[in-house]
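Structure at a glance
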Amino acid sequence: VIINSGSVIEGPVYIGNNSEISPLSLIRPNTSIGQFCKIGGEVTCTIFHGFSNKVHHGFIGHSFIGEWVNIGAGTNNSNLKNNYSQIKFNFDNKEIQTKRLFLGSMIGDFTRIGIATMLNTGTFIGFGANVFGPNFKNKFIKSFSWGDDDKVNFDKFVNTNRYMFQETYTDFDGYVYYKLTKDVLEAINQTQENTIFNDTIMNNISLWDENLDKDKVVHCSKMALAYDFIKDQPNQFEELLGDNGIN
């Protein structure tokens, strides 16, 4: 982890491996920053999952940020209503009363937010959206939204992510292996619901890819913090898991 000059970090705070805190940042309590993140400005009571960036000044508070999210310079979110009422999330046809006084934004994986964007309390942004423009944004933004009224071009979206992986991680296929490895480990440890097939660890991660690069799977298992667990198994990557990890 790199903590640049002039930064203030008020614990408890978690910062994952290979992450960087920008100069003059203020990271306030109850913040969790995943691996390979670049975080700056003021952040409080927020979860950043891995590979997400908020490099520049701006405030993010009481929010949940997925993986591979980029938040542009000067973006701010509101985490407290000016009438101090409880915060609600509104979906297409459903309202959720959170019973919380402080709550900011929920931002899905691969979403990108333009510079100087304003996000209201209780904002939900789906997967792969591109959010930009003046004034407060809608509080419910569907996946793959482009601005206020358009949709993301999916081919361009995939190509952009392939380039991003090459620049910041390994490559597109490598990231898929990384995600599958995390899913397998978390399902084994019963920290989330996932389907595990009655087959080896290797095949559960690779999904029977005939062109599998085994070295890449090993590398990604290390990135997912699963390698130590796997190598302790009698047959390592060839260990038979059983349906839903019963073994």
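Residues numbered from 1 in each chain as written. Predicted model: local features only at pLDDT ≥ 70, side-chain atom pairs only at ≥ 80, totals over all residues. Heavy atoms only, no water.

**Examining a nonpolar patch on the surface**
Here is the rule: Nonpolar side chains (Val, Leu, Ile, Met, Phe, Trp, Tyr) are joined into patches within 5 Å and like charges within 9 Å, using only residues with over 30% relative accessible area and no salt bridge. Surface accessibility follows the Shrake-Rupley procedure with a 1.4 Å probe radius. Residue values consider only the protein chains on display as shielding. Just to be clear on terms, a salt bridge is a Lys or Arg side-chain nitrogen sitting within 4 Å of an Asp or Glu carboxyl oxygen. Secondary structure counts use DSSP, requiring at least four H or I residues in a row for a helix and at least two E residues in a row for a strand, with both numbered from the N terminus.
On the surface, a nonpolar cluster with roughly 240 Å² of combined accessible area is contributed by Val1, Ile3 and Ile9. In this structure, isoleucine 3 sits in strand β1 (residues 2-3).

**Comments concerning the sheet that holds strand β9 (residues 47-48)**
Note: strands within a sheet are paired through backbone hydrogen bonds, in either parallel or antiparallel orientation. Applicable threshold: By definition, two strands form a pair when at least two bridges between them are found by DSSP.
Spatially, β3-β6-β9-β12-β17-β20-β22 is the arrangement adopted by the seven strands of the open sheet, whose pairing is parallel. Two strands lie at the open edges of the sheet, namely β3 (13-15) and β22 (140-141), each paired on one side alone. Relative to strand β6 (residues 31-33), β3 is paired through three bridges, and the arrangement is parallel. Bridge pairing links tyrosine 14 to serine 32 in β6.

**What about the sheet that holds strand β8 (residues 42-44)?**
Read from one edge to the other, the open sheet built from four strands follows the order β2-β5-β8-β11, with strand pairing classed as parallel. Two strands in the sheet have a free side with no partner beyond their single neighbour: β2 (8-9) and β11 (59-61).

**Quick look at the nonpolar core**
To keep things clear, this is the line we draw: Nonpolar core, defined: a set of buried Ala, Val, Leu, Ile, Met, Phe, Trp, Tyr and Cys residues in which side-chain atoms within 4.5 Å join the residues together. Burial classes: relative accessible area under 20% of the type maximum marks a residue as buried, over 50% as exposed, and values in between as partly exposed (1.4 Å probe, protein chains only).
Ile33, Ile39, Phe48, Ile71, Ile107 and Ile125 are the most contacted members of the largest nonpolar core, which totals 19 residues. One finds Ile201, Val217, Phe237 and Leu241 within the second-largest nonpolar core, a separate group that totals eight residues.

**Notes on unusual backbone geometry**
Trans peptide bonds make up most of the peptide bonds, and negative phi angles are found at most residues other than glycine. Note that the residue after glycine 11, namely proline 12, is joined by a cis bond; omega there is 5°. The phi torsion at lysine 99 lies on the positive side, around 60°, for a residue other than glycine. Within the secondary structure layout, lysine 99 lies in the loop between β16 (95-97) and β17 (105-107). A positive phi is found at phenylalanine 110, a non-glycine position, where the angle reads about 65°. Positionally, phenylalanine 110 belongs in the loop between β17 and β18 (112-113). Look at phenylalanine 110 and you get buried, because its relative accessible area is 8%.

**Side note on the pattern of salt bridges**
Any two side chains of opposite charge can pair if their charged atoms end up close together. All told, the structure shown has five salt bridges when counted by the stated rule. The residue lysine 231 makes a salt bridge to aspartate 228 at a minimum N-O spacing of 3.6 Å. Placement of the pair is lysine 231 and aspartate 228 together in helix α5 (residues 227-231), with a separation of three residues, close to one helical turn. Put simply, Glu10, Arg28 and Glu42 are held in one network by salt bridges that share partners.

In short, geometric facts, not functional conclusions.
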